[in-house]
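# Chain and residue survey
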Amino acid sequence: MSAILGLTSFFHDSSACLLIDGVVESYVEEERFNRKKHTFDYARHSVDWVLEDAGLALDDLDTVVFYLNPRAYLLTGIRIAAANFPGSVGLLRAGSATMSPLDRLWRFAGLKRWMVGQHGGRGAFDLVYLDHYRTHQASAFYPSGFDEAAIVTMDFAVDGTTEVIAHGRGTSITDKVAHRIPHGFAIIYAALTHLMGFRWYDEYKVMGMAAYGEPRFLDHVERLYTIDEETGALQLDLAYFEFLRAGRRNLFTRRMVDLFGPPRDANAELTQREYDIAASLQAATNRYGLALARIARRLTGSRNLCMAGGVAQNCLMNQAICESGVFDSVFLQPLAGDVGGSLGGALYQYHARLGRPVAYRMEHLYLGPDYGADIPAPMVRAGLVERLPSRFTSDSWHGEVAQAVADGLVVGYFCGHMEAGPRALGARSIIADPRSTQVKDTLNARVKHREHFRPFAPSVLADQVDTVFEPLPACRSLEYMIVTQNVRREWRERVPAITHEDGTARVQAVSRLHAP
């Protein structure tokens, strides 16, 4: 038996993934246990759970794969600091990173010792560190179901590599084009997100805002970078960016302020300017993603595409790529961000390093804990009445839930194994009537406590998706809410709660096989 643990920790979105003989046995994010969104804490609870779920101890593992290369991280830091000295001294100030770089390096160096102290054992396993982008490549290609494919990863990894175009064939992955820090589209998106008054990890809000604006700043956004569509080379105009000297504290310079106007205070009302910047940024993102897709098609000759990395979470860009006809089949890794680093790390070790054939194809994300036996106690504490399906005849409880939704009630649904990743896919979901004109505002204001422009996503029977939405035949990831589709015009007034301002919806296709 081969047992490989993939691990992400110390930056954001800590997680653990257990691979047994090349098949994903379990996966969970640390934030599900410590309740800190995007936590950078060591994934102690996640490791404990995946091991316990499989009946293994730490020393039963053959390999632990960490999703970042400490040596590359150190050398990249030295290179950036030297190139921007003395301004780069600001990178040592508090708030420039989620954790001190020296503290991180100390944790990397002592990771095996730390794991043994947290989980017991002698440390009999091998510890492997991977270049970060390799984990994104592996998470995109190996579970895709493709024997060969172009691979595009779009990220901003601090160990040096940001975006890569590669070709996957069998168990091998060959790089074709690589962009390196400080050049990467992710930093453009992050900088403009902050200029609009949002925080780290709020990029998805900007995507939702885009439908309410006009792309009148598109030429401004495209001044920030150039891409050679022949060679794939990317160059940011660094005069607009401050992150090389200030880190997370400040991403943009005065020159960017002169271009777009003053940054919005986080507590100020959104104005049409912010919506228009969002629309412009989205238009540029679509163009950039399509440019990379076309380059990948030309360099690899493949008709299949796999994508991962933080920017690959942009559902509108993904739709544009799927609709473009550049590729016949597109697999979008739903764990596209760093949450997928543990999955990709384990897969890369098994296939690329060990040369073992592909044994796993991603078909669902119900990979986390199942708390079914633990539900009664908290329900009693909350004063709720438990009603189990077994107390009803046949499937009558489904009808009761459907009737409650039709009557205008909002239902919290908790069933089976927890979903992996950022989307609620029916195991931990809020369910409401998509026909209601009021439910979106009600949920945003009273349940989710979030901005009015944030859309809600529909779950649709897989065989009915094309009835309600315009087909997206190239996409192989409709099960995961990782891509938008256009709502058919004749349906938009019928399902207003899930139809966004631009006529799109972020769809989950539900199959009986995996969500009975």
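Before any of the text, the structure's been laid out above.
In this report, the structure presented in the accompanying data block is examined. (Residues numbered from 1 in each chain as written. Predicted model: local features only at pLDDT ≥ 70, side-chain atom pairs only at ≥ 80, totals over all residues. Heavy atoms only, no water.)

The helix and strand inventory of the protein stands at 19 helices and 20 strands. The C-alpha atoms of the protein give a radius of gyration of 23 Å, which matches the 24 Å a tight globule of 516 residues would have. For the protein, buried positions account for 53% of its 516 residues. In the protein, 69% of the contacts between residues at least 6 apart in sequence involve partners at least 24 apart. Of the accessible surface of the protein, which amounts to about 22,500 Å², a share of 52% is contributed by carbon and sulfur atoms. Between the centroid of the 54 positive side chains of the protein and the centroid of its 59 negative side chains there is a distance of 4 Å. (Helix = DSSP H or I, 4+ residues; strand = E, 2+ residues; numbered from the N terminus. Rg over C-alpha atoms; globule rule 2.2 N^0.38 Å. Buried < 20%, exposed > 50% of the residue type's maximum accessible area, 1.4 Å probe, protein only. Contact = heavy atoms within 4.5 Å. Areas by Shrake-Rupley, 256 points an atom, 1.4 Å probe, with all protein chains shown as cover. Lys, Arg positive; Asp, Glu negative; His and termini not counted. Charge placed at Lys NZ, Arg CZ, Asp CG, Glu CD.)

Bringing the sheet that holds strand β12 (residues 329-332) into the picture now. Hydrogen bonds along the backbone pair up the strands of a sheet, which may run parallel or antiparallel. Spatial strand order, β8-β7-β6-β11-β12: 5 strands in an open sheet with mixed pairing. Looking at strand neighbours, the two that pair on one side only are β8 (172-180) and β12, the edges of this open sheet. Within this sheet the neighbouring strands show an average axis-to-axis angle of 20 degrees, counted without direction. One ladder, built from 4 bridges, connects strand β6 (residues 148-154) with strand β11 (residues 304-308); its direction is parallel. Paired with T153 across the strands is A308, a residue of β11. Sitting on the sheet, helix α6 (residues 132-141) touches β6, β7 (161-169), β8, β11 and β12, and the angle it makes with β8 is about 130 degrees. (Pairing = 2+ DSSP bridges. Axes fitted to C-alpha atoms, helices over the stretch in contact; angles between N-to-C directions.)

Here the focus is the sheet that holds strand β2 (residues 15-20). With mixed pairing, the 5 strands of this open sheet are ordered in space as β3-β2-β1-β4-β5. Two strands close off the open sheet at either side, each with one partner strand: β3 (23-29) and β5 (126-129). The sheet shows a mean angle of 20 degrees between the axes of neighbouring strands, taken without regard to direction. By the bridge criterion, 4 bridges tie strand β4 (residues 63-66) to β5 in an arrangement that is parallel. Within the sheet, the bridge partner assigned to V65 lies in β5 and is V128. Most of the contacts of helix α5 (residues 111-119) go to β5, to which it runs at about 130 degrees, and overall it touches β1 (3-8), β4 and β5.

Before going further, it helps to spend a moment on a negative patch on the surface. A surface patch of negative charge is lined by E25, D48, E52 and D53. Top element by residues in the negative patch is helix α2 (residues 44-54). It accounts for 3 residues. Looking at where E25 falls in the secondary structure, it is placed in strand β3. (Patch = residues over 30% accessible without salt bridge, like charges linked within 9 Å, V, L, I, M, F, W, Y side chains within 5 Å. Salt bridge = Lys/Arg side-chain N within 4 Å of Asp/Glu carboxyl O.)

Moving on to the packing of α6 against helix α14 (residues 341-353). Running from N to C, α6 and α14 point in directions that differ by 80 degrees, and their axes come no closer than 7 Å. Taken together, the axes of α6 and α14 lie roughly perpendicular to each other. Taken together, the residues of α14 that come into contact with α6 (itself represented by R134, T135, A138 and S139) are G341, L343, G344, G345, L347 and Y348. Partitioning the contact of α6 with α14 into residue classes produces 4 nonpolar, 5 polar and 1 charged. (Parallel < 35°, antiparallel > 145°, perpendicular 65-115°, else oblique. Nonpolar A, V, L, I, M, F, W, Y, C, P; charged D, E, K, R; others polar.)

This brings us to the pattern of salt bridges. Here the structure, examined in full by the defined rule, presents 16 salt bridges. In this structure, D175 engages R134 in a salt bridge whose closest nitrogen and oxygen atoms are separated by 3.1 Å. With D175 in strand β8 and R134 in helix α6, the pair connects residues that are 41 residues apart, well separated along the chain. When the shortest N-O distance is used, the salt bridge between E242 and R245 registers 3.2 Å. Relative accessible area serves as the criterion here: at 25%, R245 is assigned to the partly exposed category. Several salt bridges converge on common partners, so that one network encompasses E29, E31 and R32.

It is worth spelling out the environment of H364 at this point. Tracing the sequence through the fold places H364 in the loop between α14 and β13 (366-370). With a relative accessible area of 25%, H364 lands in the partly exposed category. A C-alpha to C-alpha distance of 36 Å links H364 and D276, two positions 88 residues apart in sequence. If we skip the residues at most four places from it in the chain, H364 touches Y480 and H514. A polar contact of 3.0 Å, which involves the side chain of H364, links it to the backbone nitrogen of Y366. (Polar contact = N/O pair within 3.5 Å; in protein donor to acceptor, adjacent residues only side chain to side chain.)

Viewed as axis vectors pointing N to C, helix α3 (residues 70-83) and helix α4 (residues 101-109) meet at an angle of 160 degrees, and their least axial separation amounts to 10 Å. The orientation of α3 with respect to α4, classified from their angle, is roughly antiparallel. The hand of the α3/α4 crossing is left-handed. Contact residues: P70, Y73 and L74 in α3; P101, R104, L105 and F108 in α4. Looking at side-chain class alone, the contact of α3 with α4 contains 6 nonpolar, no polar and 1 charged residues. (Left-handed = near helix turned anticlockwise from the far one by under 90°.)

Moving on, we come to unusual backbone geometry. At the junction of F85 and P86, the peptide bond is cis and its omega measures out at 5 degrees in the coordinates. When you line up the elements, P86 lands in the loop between α3 and α4. Residue P182 is reached from I181 by a cis peptide bond, and omega for that bond is 15 degrees. Here P182 lies in the loop between β8 and α7 (185-195).

Glancing now at the packing of aromatic side chains. The final tally for this structure, using the stated rule, is 18 aromatic pairs. Measuring from centroid to centroid gives 6.0 Å for F217 and F260, while their planes differ by 45 degrees, and the two rings are tilted. Of this pair, F217 sits in the loop between α8 (203-209) and α9 (218-222) while F260 sits in helix α11 (residues 254-260); the two residues are 43 residues apart in sequence, bridging distant segments of the chain. You'll find F217 and F260 in the same group, each marked buried. Directly above the aromatic system of F125 lies the positively charged group of K112, at a separation of 5.0 Å from the ring centroid. Directly above the aromatic system of W491 lies the positively charged group of R494, at a separation of 3.8 Å from the ring centroid. (Phe/Tyr/Trp six-rings, centres within 6.5 Å; stacked < 30°, edge-to-face > 60°. Lys NZ or Arg CZ within 6 Å of the ring centre and 35° of its normal.)

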